[in-house]
Amino acid sequence: MSVSLRLSRGGSKKRPYYKIVASNSRAPRDGKYLEQVGTYNPLLAKDAEDRVRLVEDRVRYWLGVGAQPTDRVARLLDKAGIKERAPTNNPQRGEPGKKAKERAEDKAEKAAAAAEAAAAAAAEPAEA
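Everything quoted here is computed from the prediction, not taken from an experiment. (Residues numbered from 1 in each chain as written. Predicted model: local features only at pLDDT ≥ 70, side-chain atom pairs only at ≥ 80, totals over all residues. Heavy atoms only, no water.)

Visitor: Even after reading the chapter, I still don't get the pattern of salt bridges, so can you show me in this structure?
Guide: Side chains bearing opposite charge may pair, as long as their charged atoms lie close to each other. Scanning all chains against the criterion turns up 7 salt bridges. Across the salt bridge formed by arginine 60 and glutamate 56, the nearest N and O atoms sit 2.9 Å from each other. Highlighted residues: arginine 60 and glutamate 56, both in helix α1 (residues 56-64), separated by 4 residues, approximately one helical turn. Using a relative accessible area of 40% as the deciding quantity, one classes arginine 60 as partly exposed. One salt bridge connects aspartate 71 with arginine 85, and the closest N-O pair in it is separated by 3.5 Å. Residue aspartate 71 is found in helix α2 (residues 71-80), and its partner arginine 85 is found in the loop between α2 and α3 (98-127); the two are separated by 14 residues along the sequence. Its relative accessible area of 18% is what places arginine 85 among the buried residues. Each of the salt bridges in this network shares a partner with another, and the network as a whole consists of Asp71, Arg75 and Arg85. (Salt bridge = Lys/Arg side-chain N within 4 Å of Asp/Glu carboxyl O. Helix = DSSP H or I, 4+ residues; strand = E, 2+ residues; numbered from the N terminus. Buried < 20%, exposed > 50% of the residue type's maximum accessible area, 1.4 Å probe, protein only.)

Encoded structure:
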């Protein structure tokens with residue numbers, strides 16, 4: 001059985017509250033879990049003490065027996081100083097998609113054609 005450290009959602013609609021749990025990786029997100037090792041309340045301020053609460057020795061135990069944290073839990077553990085996480089690099093972040101690039105090219109072509117037509121119109125009366 002592979003174990004993962006992940007978030008289990010609680011709270012009402014539009015007011016999330018998460019338990020950080022050690023669970024079977026095939027179990028449903030909010031289903032049965034092996035142990036609760038912390039809580040995460042994203043509604044609190046980023047510098048609030050109660051935003052993330054971890055039972056550090058149990059987290060270290062589960063990591064020691066091979067539990068794999070999800071990306072979000074790995075970020076929380078890194079911030080708490082329990083497990084270091086390598087920073088990710090996405091060189092394509094912020095780059096427009098294929099359709100947006102096509103629209104920009106079409107717009108540039110139309111602008112160039114309009115400028116060319118305006119230049120031709122301006123040059124005609126000067127010649128006559």
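Once the structure has been displayed, the description carries forward.
Visitor: Help me understand the nonpolar core, please; the structure alone is not making it clear to me.
Guide: Taken as a class, soluble globular proteins show a tendency for nonpolar side chains to be buried jointly. Core analysis: the biggest nonpolar cluster contains 15 residues, and Leu5, Leu7, Ile20 and Trp62 have the highest contact counts within it. Every element with two or more residues in this core is listed here: β1 (3-12), β2 (15-24), β3 (35-40), α1 and α2. With residues near it in sequence (within four places) discarded, tryptophan 62 still touches Val3, Leu5, Ala22, Leu34, Glu35, Val37 and Ala67. (Core = buried A, V, L, I, M, F, W, Y, C linked by side-chain atoms within 4.5 Å. Contact = heavy atoms within 4.5 Å.)

Visitor: Got a minute to help me understand the packing of aromatic side chains in this structure?
Guide: What characterises a pair of aromatic rings is the spacing of the ring centres plus the angle enclosed by the ring planes. All chains considered together, the criterion is met by 2 aromatic pairs. Both rings, one in tyrosine 61 and one in tryptophan 62, keep their centres 5.2 Å apart while their planes meet at 70°; by these two values the pair is edge-to-face. (Phe/Tyr/Trp six-rings, centres within 6.5 Å; stacked < 30°, edge-to-face > 60°.)

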